[in-house]
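Analysis of the macromolecular model
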Amino acid sequence: MSSLSERKARLIVHGDRPYNAEPPLGRLRASYRTPAADFYVRSHGDLPDLDPETWRLTVDGGAGLTLELSLHDLRTRFAEATVTATMQCAGNRRADMRPVAPVSGDPWDAGAIGTAEWTGVRLGDILREAGVADGADLHVAFESHDVVEGRPYGASIPLGKAVAPETLLAYAMNGEALLPEHGFPVRAVVPGFAGVRSPKWLRRLAVQDHPSDNPIQADDYKLYPPDVTAETADPAKGHTIDTMPLNAAICEPERGATLKAGRNRLRGYAVSGDRAIVRVDVSGTGGRSWMQAHLEHEPDAPFAWTFWSVELDLPPGEHELAVRAWDAAGQTQPALPDDTWNHKGYLCTCWHRVRVRVTD
């Protein structure tokens, strides 16, 4: 296994403490399942150093029954499950909002996303053993070993999503034990939701009648209107980001590339939190004309991205390439970052644009 420093050298690092990084887009598009070493890293505190032999997960079912589970318990007491799912940071493509007006947070390009084959146990199975009944209007609050501004990282999801068959407590990624930066020894995987709802380095989870009061849940990852500033933002009025919206990106060619005139192949991804991608349009004229792309998707992976590719005939000159996706509800993406700008830079879903130069 490569060292953490060697893996960092493969990525575009936005911060070292906390460690945040994304892969170059061409390498992201190289494989439907993103290798762990090329998977984006979003951390809010320092990476914990945990011993899998002594690690324990406390599960409070909320009705007087508490479980304490080891890694061995997870592997032997519950049925193993594997889900292929995309994970994405709510700040993915934040850099595309910066030309409109300043935004806070790391300047993610379109690489704060990845797809993996996650293996572990269904969270619903654990909750049922802890005496939790399906269908109640409750929340599952996670607490992790990483510390953010003096408090353990914490977030929550509705119970309905927690007991859904796709939601896991995962101990493996693409058939291998989780890397330290991806949550070793155990993390939550909540497909379709923003990555913030899939906490790493789990230590405790509790079923309760309200969302987590941890600042990560109560104050951060809120979507605000464009007239709200950091000074006027009221978390109680912000929209909590759970399900991720429709999005698409051009991974190849890269921004600023020089291409040869004639047929050029473009490749990228499209993704929607809980709906199927049904069409991807690609333009070589900045959106004045469009061509439909060929789609690649695994039918048994409803929470995974769709790969797309297309060949465009590009004459010499400067070109603005653009992509937009359509989902099963007939929804598509806004044309401009101005349409969804917010001071946090969350959920940038405008057409992804790449300027290239084409020569004879």
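Let me begin by describing the structure that accompanies this report. Quantities reported herein were computed from a predicted structural model and do not represent experimental measurements.

Analysis parameters
Residues numbered from 1 in each chain as written. Predicted model: local features only at pLDDT ≥ 70, side-chain atom pairs only at ≥ 80, totals over all residues. Heavy atoms only, no water. Helix = DSSP H or I, 4+ residues; strand = E, 2+ residues; numbered from the N terminus. Rg over C-alpha atoms; globule rule 2.2 N^0.38 Å. Buried < 20%, exposed > 50% of the residue type's maximum accessible area, 1.4 Å probe, protein only. Areas by Shrake-Rupley, 256 points an atom, 1.4 Å probe, with all protein chains shown as cover. Lys, Arg positive; Asp, Glu negative; His and termini not counted. Charge placed at Lys NZ, Arg CZ, Asp CG, Glu CD. Core = buried A, V, L, I, M, F, W, Y, C linked by side-chain atoms within 4.5 Å. Contact = heavy atoms within 4.5 Å. Pairing = 2+ DSSP bridges. Axes fitted to C-alpha atoms, helices over the stretch in contact; angles between N-to-C directions.

**Here we look at the overall build of the protein**
A count of helices and strands for the protein gives 6 helices and 24 strands. A compact globule built from 360 residues should have a C-alpha radius of gyration of about 21 Å, and the protein, at 21 Å, falls within 12% of that. Seen along its three principal axes, the alpha-carbon backbone of the protein occupies a region of about 70 × 45 × 40 Å. Each of the 360 residues in the protein was classed as buried or not, and the buried ones make up 54%. Entry remark: accessible area of the protein is about 15,100 Å², with carbon and sulfur atoms responsible for 49%. Seen as two clouds, the 38 positive and the 49 negative side-chain charges of the protein have centres 4 Å apart.

**A word on the nonpolar core**
Considering soluble globular proteins, one finds that nonpolar side chains tend to be buried as a cluster. Core analysis: the largest hydrophobic core is formed by 32 residues, its most contacted members being L127, V140, L169 and L205. Those elements that provide at least two residues to this core are β4 (56–60), β5 (66–70), α3 (71–77), α4 (123–129), β8 (139–148), α5 (159–162), β10 (168–173) and β13 (202–208). Contacts of L205, omitting those with residues within four sequence positions, involve L57, T58, V59, D60, L123, L127, V140, A141, F142 and L169. Listed in part, the 21 residues of the second largest apolar core include V280, V310, L312 and A325.

**Quick look at the sheet that holds strand β22 (residues 306–314)**
Pairing is antiparallel in the open sheet, where 4 strands are placed in the order β16-β18-β22-β21. Either end of the sheet is taken by a strand with one partner, and the two such strands are β16 (247–252) and β21 (294–296). For this sheet, the mean inter-axis angle between neighbouring strands, taken without regard to orientation, is 30 degrees. As judged from the 5 bridges shared by β16 and strand β18 (residues 262–271), these two strands associate in the antiparallel manner. From the neighbouring strand, I250 faces β18, where its bridge partner is G268.

**As for the sheet that holds strand β2 (residues 19–22)**
By way of backbone hydrogen bonds, the strands of a sheet pair with one another, either parallel or antiparallel. The strand order across the open sheet built from 3 strands is β1-β2-β3, with neighbouring strands paired in antiparallel fashion. Edge strands, defined here as strands with exactly one partner in the open sheet, are β1 (12–16) and β3 (41–42). The pairing of β1 with β2 spans 4 bridges and is antiparallel. Residue pairing for β2: D16 is matched across the bridge by Y19.

**Describing the environment of N174**
Inspection of the secondary structure assignment puts N174 in the loop between β10 and β11 (176–177). According to the relative accessible area criterion, N174 is partly exposed, its value standing at 26%. With 52 residues separating them in the primary sequence, N174 and R122 have C-alpha atoms 17 Å apart. In this structure N174 touches R33, T34, P35, A36, A116 and E117, once residues within four positions along its chain are discounted.

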